[in-house]
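The lines below spell out each chain.
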Amino acid sequence: SGPTKSIQTAVEHLNANGIIAKLIPVSCAFHSSLIHKAEMYYKSFLDGVDFHKSLIPVWSNTTAGIYPKEIEKIKERLAEHIVKPVRFADQIKAMEEQGATVFIEVGAGNVLTGLVQDTIDKSHVAIHTDQKGQNGIKSLLSALAQYAATGRSLTFQSLFEDRQVVALNLDDPGQYQLKPTVWSL
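For the structure given in this document, a descriptive report is provided here. The model shown is predicted, which means the values in this text are computed figures rather than measured ones.

**Considerations on the environment of Pro 68**
Next, step 1: If you trace the backbone, Pro 68 turns up in the loop between strand S2 (65-66) and helix H3 (71-81).
Next, step 2: Residues Pro 68 and Ser 54, 14 residues apart in the sequence, show an inter-C-alpha distance of 9.5 Å.
Next, step 3: If near-sequence neighbours (up to four positions away) are discounted, Pro 68 is found in contact with Lys 73, Ile 74 and Arg 77.

**Some words on the packing of aromatic side chains**
Next, step 1: A full pass over the atoms with the stated rule returns one aromatic pair.
Next, step 2: Each ring, one from Tyr 42 and one from Phe 45, has its centre 6.4 Å from the other, and the planes form 10°; the classification is stacked. Here the residue Tyr 42 and the residue Phe 45 both occupy positions in helix H2 (residues 36-47), the gap between them amounting to three residues, near one helical turn.
Next, step 3: Given a relative accessible area of 30%, Tyr 42 falls into the partly exposed group.
Next, step 4: Using a relative accessible area of 54% as the deciding quantity, one classes Phe 45 as exposed.
Next, step 5: The ring of Tyr 67 is capped by Arg 77, whose NZ or CZ atom sits 5.6 Å from the centre of that ring.

**Notes on the packing of H2 against H3**
Next, step 1: For the pair H2 and H3, the least separation of the axes is 8 Å and the interaxial angle reads 150°. The chirality of how H2 crosses H3 is right-handed. Here H2 contributes Glu 39, Tyr 42, Lys 43, Leu 46 and Asp 47 to the contact with H3, which in turn contributes Glu 72, Lys 75, Glu 76, Leu 78, Ala 79 and Glu 80.
Next, step 2: When the residues that make up the contact of H2 with H3 are grouped by side-chain class, the tally is four nonpolar, no polar and seven charged.

**Examining the nonpolar core**
Next, step 1: In this structure, Trp 59, Phe 88, Ile 92, Ala 94, Met 95, Ala 100, Phe 103, Val 116, Ile 120 and Ala 126 together form the largest nonpolar core, which totals 10 residues.
Next, step 2: Per-element tally for this core: the top contributor is helix H4 (residues 88-97), with four residues.

**Observations regarding unusual backbone geometry**
Next, step 1: Unusually for a residue other than glycine, His 31 sits at a positive phi of about 65°.
Next, step 2: Note that His 31 resides in the loop between helix H1 (4-16) and H2.
Next, step 3: The exposure class of His 31 is partly exposed, given its relative accessible area of 23%.
Next, step 4: Not every positive phi belongs to a glycine, and Ala 64 is a case in point at roughly 60°.
Next, step 5: The topology assignment puts Ala 64 in the loop between strand S1 (59-60) and S2.

**So, the packing of H4 against helix H5 (residues 111-119)**
Next, step 1: Packing of H4 against H5 brings their axes to within 10 Å, and their N-to-C directions diverge by 60°. Judged by the angle between their axes, H4 and H5 are oblique. When the axes of H4 and H5 are compared, the crossing they make is right-handed. Within the contact between the two elements, H4 uses Phe 88, Ala 89, Ile 92, Lys 93 and Glu 96 and H5 uses Leu 112, Leu 115, Val 116 and Thr 119.
Next, step 2: Taken together, the residues that form the contact of H4 with H5 break down as six nonpolar, one polar and two charged.

Conventions used here
Residues numbered from 1 in each chain as written. Predicted model: local features only at pLDDT ≥ 70, side-chain atom pairs only at ≥ 80, totals over all residues. Heavy atoms only, no water. Helix = DSSP H or I, 4+ residues; strand = E, 2+ residues; numbered from the N terminus. Contact = heavy atoms within 4.5 Å. Phe/Tyr/Trp six-rings, centres within 6.5 Å; stacked < 30°, edge-to-face > 60°. Buried < 20%, exposed > 50% of the residue type's maximum accessible area, 1.4 Å probe, protein only. Lys NZ or Arg CZ within 6 Å of the ring centre and 35° of its normal. Axes fitted to C-alpha atoms, helices over the stretch in contact; angles between N-to-C directions. Left-handed = near helix turned anticlockwise from the far one by under 90°. Nonpolar A, V, L, I, M, F, W, Y, C, P; charged D, E, K, R; others polar. Core = buried A, V, L, I, M, F, W, Y, C linked by side-chain atoms within 4.5 Å. Parallel < 35°, antiparallel > 145°, perpendicular 65-115°, else oblique.

Next up, the structure:
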């Protein structure tokens, strides 16, 4: 990351020399010294937030390792994350070495899923939960289906907790067909 003009020049130079490079749309020059003051402000903000020890390993893409267990060190790592370079491919490879075989991108878009697919063993899986221009529920259900297709089990009951749902009779789906005069918005 860095100044936009410099990054554009670097991408053009790499592509001209046969090295595939592309700009990733971002809102700021994160992971560069251009925003070094943000680290201090973010750390100050984090100092006012109550943290609890993680119940599962959380990976840092600036160290390609697992976050420390000490709360103060976690806050320091988060704050420095803003200005340190990303070691994304190293992190994904390290996660694979530790046994990860399914990578799920949660959040807007699917840029990281493509980067993961370029990095992981072809027998492993990368899944995104958001597809631009697609209904969010449809994207989520598609991601769940892809995950289930890996042979791992899912517990779907939590999707329906505290919701008023009616079981559908899938032996007779025609009963749910809308009349031609009904418009869905």
